[in-house]
Amino acid sequence: MAGSDKSKKVMEIASVPEAIEWQAEHLKRAGAENNARVIRALLAVLETDTATGRRMANWQGLTLEDAMPLRVAGGFHYLLLSGEEERLADIYRGAITDQGQVDALIVEIAERHDHTLLPWLDSPPQTNEAGRSASVMAALLWLSGKLGPKFELNEIGASAGINTMMARFYYDLGGTKVGPSLSSIRIESEWQGDPPPQNPVEIVRAEGCDIAPVDLTDEKQALRLKSYIWPEVTDRLARMDAAIAMAERAPPELRRMDAAEFMKERLGAEQEEGVTRVLFHTVMWQYMPEITRDAVTEAMEAAAAKATAEKPLAWIRVETNRETFKHELTVKYWPGGGDDWTMLAEAHPHGAWVEWKGAD
């Protein structure tokens, strides 16, 4: 089967049980086997008389495109993090591995906390992972050799704005080191292939937008964001705690705004000479309405036509290839970069590893 056909088939799975099974297997392959058991147990929840089970069973829409199983999984993790259901710890740390036992416990918890779990189905997961910025920084290192070392960053779908704060992170990318060495957030992804070029990078401005931004300084909002982190990936939870502390000291520049409107405004603002204006986003493009994606693309194409050597423009994406389901770092820049995307790397969904492809 061709890659595009396979992607279409998966994302358009109509059967709710089949979608849950696919999502569980996907997490297992990604190293989240304990969380995969929780998701697989949703098959048993479908058979209950809970409001959560009934709503899942009668889901209206594309189950995987909507990330429906991951919505509920976030709710279960919340029950643990909030202290409401500590029995889940045995599943998340792998003390209970028998699927039948997991099913029985998850059903019992779903029945007990039905009123808490049901609202988690209302919106898609918000994941804001600092590890993904490893790919963004690698792209900036590469672009520095093309356009110069100074960058103005504009992030869409920024969630809590964690990666909008990336100028404050320390990076060791295959031996290429950049950022403040004493930073509380250290991004040291397992690097495969050649390191990115050791060019200077200076982020002179960074601003982000989201239609439903998360305030990291609000305890309830921060806890909800943590709930979407796969429970067994403890280094991600530690990075989230560090990001919360960082935001409490100095919050990111984050605005509640539609992505298309934000980029229209930013692209129309005065640009400093010698500074590359950058649009970047990480694992959010698929969640935007098509009309918004088209509007952002049209705005970037219009701005690209006016880009000059003194006022360059670049677009950095860390997004899922819908044909291969791999996360890819792709870049465009103007002038001189052409109209085709350059694929610089493949990466783990949360930045645990990066395989540098590079491009001359």
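The structure displayed is predicted, hence computed values, not measured ones. (Residues numbered from 1 in each chain as written. Predicted model: local features only at pLDDT ≥ 70, side-chain atom pairs only at ≥ 80, totals over all residues. Heavy atoms only, no water.)

Quick one: what's the story with the overall build of the chain, residue by residue and with numbers?
The helix and strand tally for the chain stands at 14 helices and 12 strands. Here the C-alpha atoms of the chain give a radius of gyration of 21 Å, agreeing with the 21 Å that 2.2 N^0.38 yields for 360 residues. Overall, the chain is about 65 × 45 × 40 Å in size when its C-alpha atoms are taken along their principal axes. Relative to its 360 residues, the chain shows a buried fraction of 52%. Taking all contacts inside the chain whose residues are at least 6 apart in sequence as the whole, residues at least 24 apart take part in 69%. With the model as given, the accessible surface of the chain reaches about 15800 Å², and the carbon-plus-sulfur share is 47%. For the chain, the centre of its 39 positive side-chain charges and the centre of its 57 negative side-chain charges are spaced 1 Å apart. (Helix = DSSP H or I, 4+ residues; strand = E, 2+ residues; numbered from the N terminus. Rg over C-alpha atoms; globule rule 2.2 N^0.38 Å. Buried < 20%, exposed > 50% of the residue type's maximum accessible area, 1.4 Å probe, protein only. Contact = heavy atoms within 4.5 Å. Areas by Shrake-Rupley, 256 points an atom, 1.4 Å probe, with all protein chains shown as cover. Lys, Arg positive; Asp, Glu negative; His and termini not counted. Charge placed at Lys NZ, Arg CZ, Asp CG, Glu CD.)

Report on the packing of aromatic side chains, specifying residues and quantitative values.
Inspection of the entire model under this criterion finds 7 aromatic pairs. Their ring planes at 75 degrees and their centres at 5.9 Å tell us that W142 and Y333 sit as a pair that is edge-to-face. On the criterion of sequence distance, the pair formed by W142 in helix α10 (residues 133–147) and Y333 in strand β10 (residues 327–334) is long-range, its members being 191 residues apart. For the pair W142 and Y333, one class covers both residues: buried. Grouped by ring-pair contacts, the aromatic residues Y78, W120 and Y228 constitute a single cluster. One cation-aromatic arrangement involves R224 over W120; the distance from NZ or CZ to the ring centre is 4.1 Å. When the ring centre of W341 is taken as origin, the NZ or CZ atom of R317, which lies over that ring, is 3.6 Å away. (Phe/Tyr/Trp six-rings, centres within 6.5 Å; stacked < 30°, edge-to-face > 60°. Lys NZ or Arg CZ within 6 Å of the ring centre and 35° of its normal.)

Could you give an account of unusual backbone geometry, with specific residues and numbers?
Where the residue is not glycine, phi is negative for most of them; where a peptide bond is considered, it is trans in most cases. For the bond running from W334 to P335, omega is -5 degrees, close enough to zero to count as cis. Mapped onto the secondary structure, P335 falls in the loop between β10 and β11 (342–347). Positive phi, close to 55 degrees, is recorded for S159, a residue that is not glycine. In this structure S159 comes out as buried when scored by relative accessible area, which is 3%. Notably, V283 is not glycine yet its phi reads approximately 45 degrees, a positive angle. Note that V283 resides in the loop between β8 (276–282) and α14 (290–304). By relative accessible area, V283 is classed as buried at 11%.

Give me the lowdown on the pattern of salt bridges, citing residues and values where you can.
Here the structure, examined in full by the defined rule, presents 21 salt bridges. E85 is the partner of R87 in a salt bridge, and the nearest nitrogen-oxygen pair spans 2.7 Å. Judged by relative accessible area, R87 falls into the partly exposed class, the value being 28%. The exposure class of E85 is buried, given its relative accessible area of 3%. The partner of E129 in a salt bridge is R236, and the shortest N-O contact between them spans 2.7 Å. Of the two residues, E129 sits in the loop between α9 (114–117) and α10 while R236 sits in helix α12 (residues 234–249), which places them 107 residues apart along the sequence. Residue class for E129 comes out buried when judged on its relative accessible area of 2%. Judged by relative accessible area, which is 3%, R236 ranks as buried. (Salt bridge = Lys/Arg side-chain N within 4 Å of Asp/Glu carboxyl O.)

Describe the pairing of β11, with residues and values.
When β10 meets β11, the two strands line up antiparallel, connected through 5 bridges. Residue pairing across strands places V331 opposite T342, the latter belonging to β11. As judged from the 3 bridges shared by β11 and strand β12 (residues 353–356), these two strands associate in the antiparallel manner. When the bridges of β12 are listed, A345 appears paired with W356. (Pairing = 2+ DSSP bridges.)

Which residues make up the environment of E47, and what values do they have?
Of note, E47 is situated in the loop between α4 (42–45) and α5 (51–57). A relative accessible area of 70% places E47 in the exposed class.

Pulling in residues and values, what's your account of the packing of helix α13 (residues 259–268) against α14?
Their axes nearest at 8 Å, the elements α13 and α14 cross at an angle of 15 degrees. As judged from the angle between their axes, α13 and α14 are roughly parallel. In this structure, α13 crosses over α14, and the sense of that crossing is left-handed. Across the interface between the two elements, A259, A260, M263 and L267 from α13 touch T292, A295, V296, A299, M300 and A303 from α14. Here the contact of α13 with α14 is composed, by residue class, of 9 nonpolar, 1 polar and no charged. (Axes fitted to C-alpha atoms, helices over the stretch in contact; angles between N-to-C directions. Parallel < 35°, antiparallel > 145°, perpendicular 65-115°, else oblique. Left-handed = near helix turned anticlockwise from the far one by under 90°. Nonpolar A, V, L, I, M, F, W, Y, C, P; charged D, E, K, R; others polar.)

Talk me through the sheet that holds β11; I want residue IDs and the actual numbers.
Either a parallel or an antiparallel arrangement is found when strands of a sheet pair, and the pairing is made through backbone hydrogen bonds. Strand order in the open sheet made by the 9 strands is β5-β12-β11-β10-β9-β8-β1-β6-β7, with mixed pairing throughout. The outermost strands of the open sheet, each flanked by one partner alone, are β5 (190–192) and β7 (254–256). Taken over all neighbouring pairs, the strand axes of this sheet differ in orientation by 20 degrees on average, direction set aside. As paired elements, strand β1 (residues 150–155) and β8 share 5 bridges and run parallel to each other. Note that in β8 the partner of F151 across the bridge is T276. Across the sheet, α14 touches β8, β9 (313–320) and β10, and the angle it forms with β9 is around 150 degrees.

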